Amino acid sequence: MEEFWRGYARLCAAPQEPVLRRLRGLRGRGAARLDLAALSLSLETCGALARLLPGAAPFSALALGDCGLSEEGVKLLLHGLCSNTTVKSLDLKGNNLRTLGAEALGKLLRQNKSIRSLILEWNSLGAWEEGFSFFCQGLGANNSLQQLDLRNNQINHQGAGELAMALKQNASLQELDLRWNNIGLLGGRALLNCLHSNKTLKRLELAGNNVPSDILKAVEQAVDHNQDRQTILSETQNRTYILSKEVLSLKDEKTKQFLDLMDTIDKQREEIARSSRMSAARVSQLQEALDEQHSIMNSLKAKLQMTEAALALSEQKVHNLGELLNATKQEQTSMAEHHFTELQQQRQEGADREGKLLRDLSAASEKNLLLRNQVDELEKKCKVQQDQLFQVKQDLTNTTAELKLRAVQAEERLEMEKRRFKQSLEDMESLRVKEVDHMTQHMEASERSMQDRIQRLEAVRAALEEELSQVKAAALSERGQAEEELIKVRNQARLEEQQRLEHLEEKLRLMTESRDEAQNCCFKQKQVVAEAQAKASQLSLQADGLRRRLEELQQDLNSKEEEKVMEVNKVKVELQEQIGHLQAERAAQDGLREKIAALERQLKALSSNHREALLDKEGEISMLLEKLRVKEADISRMREEEAQRASFLQNAIMAYVQGSPLGTHSSRK
């Protein structure tokens, strides 16, 4: 509010002291109402306020009643309020607003979307039809105004008709005060007719307008009907709002449950992924160990082959090898003894374990003697668990069979890969041989083409020499006739020969360069072939290593099938538990869906009941309107009859008076 006061003081060259006092009085309160009523505002103050009002003003109500505003001042103030967004109540009573004011008010109602209450009491808006029609057009285009006070504005029946047209278009006005105007019978009928299409007007005051009582009653009934309708609509809106809240809460609960389910599923997936990673890491470790064992076995096999070759070649070293064999046998016996001792230790440990188990069994037997009463109750559970165990055993047998089948398939795949690798090696060798043959053939063809070109060039040279000899003979025979021509011909021939020789030399040089390039290409291709052979040898070595690794992997797979079976069983048990949880959550979701469906049915039933009630009330309204029309026709007929009777009575009275002695006496005088 302080900024508003400062802005007013800055914009006005001569600010009015009463206005400054009002603004200062409201500066510290932060009031929501600016009361400038009964202050004669100058045109300068109106212009300053018009500049400060656009946008967000620091108050929600503006009172300008009995300020004696001029038409230009009103126009400036209302122009400033057109773009205001905070003022909700405007009081302009007692300012004698006319055409320009009515037009400015119409523009305000078109553009402003925040004003809810407008007081225009004691003005002259209805005295000028053009301005009031513009005001009514703005009212019809407005969708925010709820209260309008037009008391004592000299509104006639034509203005009432324009107001009725505006009310047909308006869908927000709830209260309209038209007391103490000149609406009359026609204006009342126009307003009554507009109420058939306007369903938002709750209060319409028409006292002091010379409107018949039956029209006033009909207007009251229509307004009451609008009130009832709006109360019903508000109740239905409240019910729908409550139901929508319940539906939203149910949806939120459902989404929360779904998110919880998704979280649990994600956690289970993460656990499964972790277990698979752990199993893969274990398998990789086992494969590495198997590779190491295969390498050791391959080295041992190589050593054995070397020893067998040495034995076949050299018979002299048999005695030394025999001693070595005896030593190895002794080592084997020592190893066997060591293994035997380890087996005995393991047996002793097993015997100790059996003793412990026997003790535990004795203790369990004692406990069983104490728990015989509970055994009868738990036998059913044991039977169920036995059935589950039987199913689990069946699943184990199935999984073992599947794992064996997978192992067999893996072995078959390994054999197929071995065959494919052999075929690929053979194909590589055949391709290498073909490429070498192709390169040799290409080189031979290039050499042949070069030799053919050289022979052709030599033949051309010989032909040129023969031509030169012929030319020389012809020149000698014709020397006497034209020595000068011969000299010219010789010079030309020499030049042509030099050019041809240079051309031939260039061709020879190009051919030699191409031959050198072909030789270099052949050398490079030979190098490539050598590299391919080296790579083939390396690939063969790698294939041997892979074969050995595959054998070790097969052994490791056979040794660790049992561990995989145990892990698979654990995973199956966990999955069964998860499936049970998911089924319970599905049942909960089904219950929620049924509740939502029931709520939707209730909503549909309420909407259908509401529609039926509206249709019934509209039918009642139509019936009442027909009755009103019939009554109006009866009233008009009665009025005509009464007028006729009155005319008859007047005629009779006049005839009686003329025929009476008093009438004759008066005529004589």
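Residues numbered from 1 in each chain as written. Predicted model: local features only at pLDDT ≥ 70, side-chain atom pairs only at ≥ 80, totals over all residues. Heavy atoms only, no water.

Caption draft 1: Structural context of the overall build of the protein. Across its full length, the protein holds 14 helices and 7 strands. Here the C-alpha coordinates of the protein stretch approximately 195 × 150 × 65 Å along the principal axes. Going through the 669 residues of the protein one by one, you find that 25% of them count as buried. When the accessible surface of the protein is split by element, carbon and sulfur atoms take 53% of a total near 47,100 Å². Side-chain charges of the protein comprise 97 positive and 104 negative groups, with the mean position of each set lying 8 Å from the other. (Helix = DSSP H or I, 4+ residues; strand = E, 2+ residues; numbered from the N terminus. Buried < 20%, exposed > 50% of the residue type's maximum accessible area, 1.4 Å probe, protein only. Areas by Shrake-Rupley, 256 points an atom, 1.4 Å probe, with all protein chains shown as cover. Lys, Arg positive; Asp, Glu negative; His and termini not counted. Charge placed at Lys NZ, Arg CZ, Asp CG, Glu CD.)

Caption draft 2: Geometry of the sheet that holds strand 2 (residues 61–63). Pairing in this open sheet of 7 strands is parallel, and the strands run 1-2-3-4-5-6-7 from one edge to the other. Of all strands in the sheet, those with a lone pairing partner are strand 1 (33–35) and strand 7 (203–205), marking the two edges. Between one strand axis and the next, the sheet turns through 0° on average, direction left out of account. Looking at chain direction, strand 6 (residues 175–177) and strand 7 are connected through 3 bridges and run parallel. What sits directly across from Glu175, in strand 7, is Arg203. (Pairing = 2+ DSSP bridges. Axes fitted to C-alpha atoms, helices over the stretch in contact; angles between N-to-C directions.)

Caption draft 3: Spatial organisation of the layout of surface pockets. Empty space within the largest pocket amounts to approximately 600 Å³. Lining the largest pocket we find 24 residues, and of these Ser275, Ser279, Arg282, Lys564 and Glu567 sit closest to its centre. Broken down by secondary-structure element, the contributors of at least two residues to the lining of the largest pocket are helix 9 (213–313), helix 12 (483–559) and helix 13 (561–659). Counting residues per element, the lining of the largest pocket draws most heavily on helix 9, at 12 residues. Counted by class, the lining of the largest pocket contains 10 nonpolar, 5 polar and 9 charged residues. (1 Å grid on protein atoms, 1.4 Å probe; cavity = no way out; pocket = protein on both sides within 12 Å on 5 of 7 lines; lining within 4 Å. Points joined across faces, edges and corners; volume = space filled by probe spheres on them. Nonpolar A, V, L, I, M, F, W, Y, C, P; charged D, E, K, R; others polar.)

Caption draft 4: Up close: a nonpolar patch on the surface. A surface patch of nonpolar side chains, about 440 Å² in accessible area, is lined by Leu649, Ile653, Tyr656 and Val657. Position of Tyr656 among the secondary structure elements: in helix 13. Residue classification places Tyr656 among the exposed residues on the basis of a relative accessible area of 63%. (Patch = residues over 30% accessible without salt bridge, like charges linked within 9 Å, V, L, I, M, F, W, Y side chains within 5 Å. Salt bridge = Lys/Arg side-chain N within 4 Å of Asp/Glu carboxyl O.)

Caption draft 5: View of a negative patch on the surface. A cluster of like negative charges, contributed by Asp260, Asp263, Asp266, Glu270, Glu271, Glu574 and Glu577, occupies part of the molecular surface. For the negative patch, the elements supplying multiple residues, two or more each, are helix 9 and helix 13.

Caption draft 6: Region of interest: unusual backbone geometry. Backbone geometry at Asn152 places phi at a positive 55°, although glycine is not the residue there. Secondary-structure assignment places Asn152 in the loop between strand 5 (147–149) and helix 7 (157–169). A positive phi angle is found at Asn210, which is not glycine, with a value near 60°. Structurally, the position occupied by Asn210 is in the loop between strand 7 and helix 9. By relative accessible area, Asn210 is classed as exposed at 69%.

Caption draft 7: Seen up close, helix 3 (residues 43–52). Burial of helix 3 is extensive: 7 of the 10 residues sit out of reach of the surface. For helix 3, every residue scored as buried is listed here: Thr45, Cys46, Gly47, Ala48, Leu49, Ala50 and Leu52. Residues of helix 3 that are buried in the fold lie against helix 1 (2–11) and helix 4 (71–81). (Contact = heavy atoms within 4.5 Å.)

Caption draft 8: Representation of the confidence of the model for the protein. Chain-level pLDDT for the protein is 82 on average; 93% of the residues reach the 70-or-more range. Note on residues 662–669: pLDDT is under 50 here. Beyond four places in sequence and across chains, it has 2 contacts. (pLDDT = per-residue confidence, 0-100.)

Caption draft 9: Looking closely at the state of the cysteines. Applying the stated criterion to the full structure yields 0 disulfides. Here Cys82 stays unpaired: no disulfide links it, and the sulfur of Cys46, its closest cysteine neighbor, is 15 Å away. (Disulfide = S-S within 2.5 Å.)

Caption draft 10: Broad picture of the packing of aromatic side chains. Under the counting rule described, the total for this entry stands at 2 aromatic pairs. Centre to centre, the rings of Phe4 and Phe59 are 5.4 Å apart; their planes meet at 90°, and the pair counts as edge-to-face. Of the two residues, Phe4 is situated in helix 1 and Phe59 in the loop between helix 3 and strand 2; the sequence distance between them amounts to 55 residues. Summarising the burial analysis for this pair, Phe4 and Phe59 share the class buried. One Lys or Arg, Arg110, reaches over the ring of Phe134 and ends 4.8 Å from the middle of that ring. (Phe/Tyr/Trp six-rings, centres within 6.5 Å; stacked < 30°, edge-to-face > 60°. Lys NZ or Arg CZ within 6 Å of the ring centre and 35° of its normal.)

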